[in-house]
Every structure is written in structure tokens, then in C-alpha cells.
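Given next are the chains, with one letter for each unit.
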Amino acid sequence: MAAFRLACLQTAGTPGDLHANLAELDRAAQRAAEAGAGLLVTPELFLTGYDIGELAGELARRNPVEPCAGIAARHGIALVVGTPLLRDGNLVNAAVFLGADGAVRAEHHKIQLFGDLDRSRFTPGDRAVTAVDHEGVRIALLICYDVEFPEWARRAALDGAQLIVVPTAQMTPFARVAEQVVPVRAWENQVYVCYADRIGRERDTTYVGRSSVVAPDGTRIAHAVEEPALLLADIDPDRVRRAQRDNPYLTDLRTDLPTGRDR
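Structure report, in brief. Because the structure is a prediction, the values reported are computed rather than measured.

1. A closer look at the packing of aromatic side chains
Where two aromatic rings form a pair, the distance of their centres and the angle of their planes describe that pair. Going through the model one piece at a time under the given rule, you end up with four aromatic pairs. A centroid spacing of 5.9 Å and a plane angle of 85 degrees characterise the contact between Phe 114 and Phe 174, whose relative ring orientation is edge-to-face. Of this pair, Phe 114 sits in the loop between β5 (104–109) and α4 (115–119) while Phe 174 sits in the loop between β8 (163–167) and α6 (175–189), and the two are 60 residues apart along the sequence. Using a relative accessible area of 27% as the deciding quantity, one classes Phe 114 as partly exposed. Look at Phe 174 and you get partly exposed, because its relative accessible area is 24%. Ring plane angle 80 degrees and centroid distance 5.0 Å describe the contact between Tyr 145 and Phe 149, whose orientation is recorded as edge-to-face. With a relative accessible area of 24%, Phe 149 lands in the partly exposed category. Site record: aromatic cluster; members linked through ring pairs are Phe 114, Tyr 145, Phe 149 and Phe 174. A cation sits over an aromatic face here: Arg 198 above Tyr 207, 5.8 Å from the ring centre.

2. Points about the sheet that holds β5
Pairing is mixed across the open sheet formed by six strands, whose spatial order is β5-β4-β3-β2-β1-β14. Bordering the open sheet on either side are β5 and β14 (229–235), each of which pairs with just one other strand. When the angles between neighbouring strand axes are averaged without regard to direction, this sheet yields 30 degrees. Examined bridge by bridge, strand β4 (residues 90–98) and β5 share five bridges and lie antiparallel to one another.

3. Some remarks on the side chain of Thr 11
With respect to the secondary-structure elements, Thr 11 resides in the loop between β1 (4–10) and α1 (18–34). A polar side-chain atom of Thr 11 sits 2.9 Å from the main-chain amide nitrogen of Gly 13. A distance of 2.6 Å separates a polar atom in the side chain of Thr 11 from a polar atom in the side chain of Glu 24. Beyond its immediate chain neighbours, meaning those up to four positions away, Thr 11 contacts Glu 24, Pro 43, Phe 46, Asp 197, Arg 198 and Ile 199.

4. Some details on the environment of Tyr 249
Within the secondary structure, Tyr 249 is located in helix α8 (residues 249–252). Among residues more than four places away in sequence, those in contact with Tyr 249 are Arg 154, Trp 187, Glu 188 and Gln 190.

5. Quick look at the nonpolar core
One finds Leu 6, Leu 39, Phe 97, Ile 139 and Leu 163 to be the most contacted residues of the largest nonpolar core, which totals 30 residues. For this core, the secondary structure elements donating two or more residues are β1, β2 (37–41), β3 (78–87), β4, β7 (137–141), β8, β9 (192–196) and β14. Here Leu 163 is in contact with Phe 4, Leu 6, Val 137, Arg 138, Ile 139, Ala 140, Tyr 192, Val 193, Cys 194 and Ile 235, once residues within four sequence places are set aside. By size, the runner-up hydrophobic cluster in this structure holds 28 residues, among which are Leu 40, Ala 56, Leu 59 and Ile 71.

6. Regarding the pairing of β7
Where burial is concerned, most of β7 is hidden: four out of the five residues are buried. Note that strand β6 (residues 131–134) and β7 share four bridges and pair antiparallel. Counted as the bridge partner of Val 132 is Ile 139 from β7. Here β6 folds back onto β7 in antiparallel fashion, the turn holding two residues, of which Glu 135 has a positive phi close to 50 degrees. Once the chain exits β7 it traverses helix α5 (residues 150–158) before rejoining the sheet at β8, and the crossover so formed is right-handed.

7. What to know about α1
The end-to-end C-alpha distance of α1, which contains 17 residues, comes to 24 Å, matching closely the 24 Å that a straight helix rising 1.5 Å per residue would cover. Among the residues of α1, those classed as buried are Leu 18, Asn 21, Leu 22, Glu 24, Leu 25, Ala 28, Ala 29 and Ala 32. Take α1 and look down its axis: the buried residues cluster within an arc of 160 degrees, on one side only. Away from its buried face, by an angle of more than 90 degrees, α1 presents the exposed residues His 19 and Glu 34. Those residues of α1 that are buried are in contact with β1, β2, α2 (55–60), α3 (66–75), β3 and β14. N-capping of α1 is provided by Asp 17, with a side-chain oxygen placed 3.3 Å from the backbone N of His 19. In the segment just after α1, Gly 36 is the residue with positive phi, at about 90 degrees.

8. Observations regarding the sheet that holds β8
Pairing in this open sheet of six strands is mixed, and the strands run β6-β7-β8-β9-β12-β13 from one edge to the other. Two strands lie at the open edges of the sheet, namely β6 and β13 (220–223), each paired on one side alone. Sheet twist, expressed as the mean angle between neighbouring strand axes with direction ignored, is 20 degrees. Of the strands in this sheet, β9, β12 (212–214) and β13 are in contact with α6, which crosses β9 at around 155 degrees.

Calculation criteria
Residues numbered from 1 in each chain as written. Predicted model: local features only at pLDDT ≥ 70, side-chain atom pairs only at ≥ 80, totals over all residues. Heavy atoms only, no water. Phe/Tyr/Trp six-rings, centres within 6.5 Å; stacked < 30°, edge-to-face > 60°. Helix = DSSP H or I, 4+ residues; strand = E, 2+ residues; numbered from the N terminus. Buried < 20%, exposed > 50% of the residue type's maximum accessible area, 1.4 Å probe, protein only. Lys NZ or Arg CZ within 6 Å of the ring centre and 35° of its normal. Pairing = 2+ DSSP bridges. Axes fitted to C-alpha atoms, helices over the stretch in contact; angles between N-to-C directions. Polar contact = N/O pair within 3.5 Å; in protein donor to acceptor, adjacent residues only side chain to side chain. Contact = heavy atoms within 4.5 Å. Core = buried A, V, L, I, M, F, W, Y, C linked by side-chain atoms within 4.5 Å. Right-handed = clockwise from strand over helix to strand, strands pointing away. Expected span 1.5 Å × (residues − 1). Arc of directions from axis to C-beta.

Here is the structure:
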């Protein structure tokens, strides 16, 4: 199976300005497509900003994903965009996968809400695994705090994911998540992980950056620190298959043992 190129955007964005963020997405999509990428991943709540209070709900009412379809189709590149959405009267923190034709292919709602910043605004998602097949690779979506729980990455890998993309808004003092936890998630499941973080500051929140694309052996094949960046990395499904053959955690995992609740 042929590899495909992934682009990962690290940016401060423009908090509270949907128009400016769509313009930045258009520019990044053009750059990524010109570099041969078939998918561009943006940070958590990229289209609006993360720590922007009640404004997130107001911007969600403007149907922020709709203009992204034109950007994807114009540049011929799939997108994962972080955005608030209104669903069944509730505000959710979402990652939306749009195909290169602009069609929405998948929509993940953050399942692990972090602190008052999330819980005061958003309703948690109720689906552990959200996945889509793209260019011969099965891609699972998680958002920020989701990936800090090993159960959800493992569920995605057992579902066949070869790449887990994680739009995030990781803030101080949690740089260790980007530096230590994310490579472990790739290693323990023998999958690629793309971790797309924000930089800069919004109100009382300072972001750590440190976006990365991590290979199935836990090594970073592309990474940034705290500067704006468009990371590029090639995703090779054959490398996943070899890694899972050589380090068979998924097949050796025992699922026949009772849990404490079963006793």
C-alpha cells in the first residue's frame, strides 16, 4: 500500500475571528497541497479559538464547517478541522473530517471534557471510536484530553486505525503530554499519531505547541516547539503492519480475563 503525505498545522489562529481563521485555513491548505499532502490536520477548535467563553456558542451558530468544504475542494485536499458545533440543541467540541471533494466524512465529538473550560460549555460525545478510510489508511479521530486516556487510543487501534489524528489545545503546565504521552500512545498501539496543537495565548490559557507526527515505533518524524509550523510527514500503512507484527500488543492482548467489576 502506497504512503500518503500528511500536513499538521501548528498556529495561534485568531481567537474569536471565524473569517480570519478560514482565511488561514485556505492558505495552509494551499501550502499543504502544493507540498503533496493529502490531508491537513488543524488544532482543537481552530476555526473559533478555544478559550473564548460564550463566543464559541455564538460562532457555532454560523455553521462554520460549510465554508471549509469549498477550501477542501478548491485545493483537492482532505481536512480535519477543529470547531464547536450545535448538535441536538447541545454545543459540542468537534473534529470534522472533510474529504478532498469537500464532503463531510466523519465527525468526532470530544468524549473527555477537560476542566471547567470544557465542562462549562460543551456536551461530551458518546462514541469512543470515530474513524474514516482515506487513501488506503484507516484514520481515527480523538481530541486533546481524549488521547490522554489509553483506553480510547487502544479502542481505535483494535478497530483497525493505522493513524490517530488529535487536534489539541494543550496548555501549560502539561507539555509532558506532548513530549511523553503522545509517543507512548503511538508505540503501545504501533500506529501513527498526529498531534496538532495551538501556540500563543488566549485569555488565561497559554498553549505549549510541541505538535508532532509520531511513527509506530514512538519516534517523532516531524515536530515543532512553539513557533508557527506546517509539519509534513509520510504515512506508510505497511510500516504499521510490520510494527504490529513485530510488537504484537494488539494480538497478544488478553480479553478473556474478568475485570474487578466482574468478580
